[in-house]
Amino acid sequence: LGSIKCAVSDYTGMYLATDLSDILFGTPTPVMARANLGVLKKEAINVAVHGHNPVLSEVILAQTMAMKDEAVAAGAPAGFNLVGICCTGMEVMMRHGIPTATNSLSQELAIATGALDAAVVDYQCIMPSLPSAAKKFHTVIITTMSIAKMPGALHIEFDEKHAAEKAQEILRAA
């Protein structure tokens, strides 16, 4: 009986969160999108959004467009290339057609390509090994939630009241 109560509460929370995401960001529709590690681009600053906070990903997406000139000035003629990993990756794919680089089971592989400049993580499905893997490449792991800080990662606390500024700080770190 306890298991059933837990399952019902989990389903109810998921249902509510899905409805709220649809209200805030629009109801997803089928889109054509690319997937796999080939979505990383040599001529761009590659930034992966990874985790479960769609607010963070939406704000970062908006700022990649607003900050394109800064990326070009930093030596990336294609600007920012936002890609997804895990559930947040699915959120930006189904709403904006942003490609997904990989899933949670192979998240270290995106770093191992050497093409990923930053992985922005929040609070779920994040392997604690990411900062260790990133040390061997030039990828910066950016944690954004106080409950999920990791040794070896850069921490930029995401705050909805200052969302645009925090997203810009994250992209400048990338």
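Note that the coordinates shown come from a computational prediction; the quantities given were computed from them, not determined experimentally.

So, how was this worked out
- Residues numbered from 1 in each chain as written.
- Predicted model: local features only at pLDDT ≥ 70, side-chain atom pairs only at ≥ 80, totals over all residues.
- Heavy atoms only, no water.
- Pairing = 2+ DSSP bridges.
- Helix = DSSP H or I, 4+ residues; strand = E, 2+ residues; numbered from the N terminus.
- Contact = heavy atoms within 4.5 Å.
- Axes fitted to C-alpha atoms, helices over the stretch in contact; angles between N-to-C directions.
- Salt bridge = Lys/Arg side-chain N within 4 Å of Asp/Glu carboxyl O.
- Buried < 20%, exposed > 50% of the residue type's maximum accessible area, 1.4 Å probe, protein only.

A. Structural context of the sheet that holds strand S1 (residues 45-50). Reading across from one edge, S3-S2-S1-S4-S5-S6 is the order of the six strands in this open sheet, with parallel pairing throughout. Strands with a single pairing partner mark the edges of an open sheet, and in this sheet they are strand S3 (100-102) and strand S6 (154-155). Pairing between S1 and strand S4 (residues 118-121): four bridges, direction parallel. Bridged to His50 within S4 is Val121. On top of the sheet, helix H4 (residues 86-96) reaches S1, strand S2 (80-85) and S3; it is set at about 120° to S2, its chief contact. Contacting S1, S2, S4, strand S5 (140-143) and S6, helix H7 (residues 163-173) crosses the sheet at an angle of about 165° to S5.

B. Structural context of the pattern of salt bridges. Taken as a whole, this structure holds three salt bridges when the rule is applied. Residue Glu91 pairs with Arg95 through a salt bridge whose shortest N-O separation is 2.2 Å. Taken as a pair, Glu91 and Arg95 lie in helix H4 at a separation of four residues, close to a single helical turn. Taking the relative accessible area as the measure of exposure, Arg95 reaches 14% and is therefore buried.

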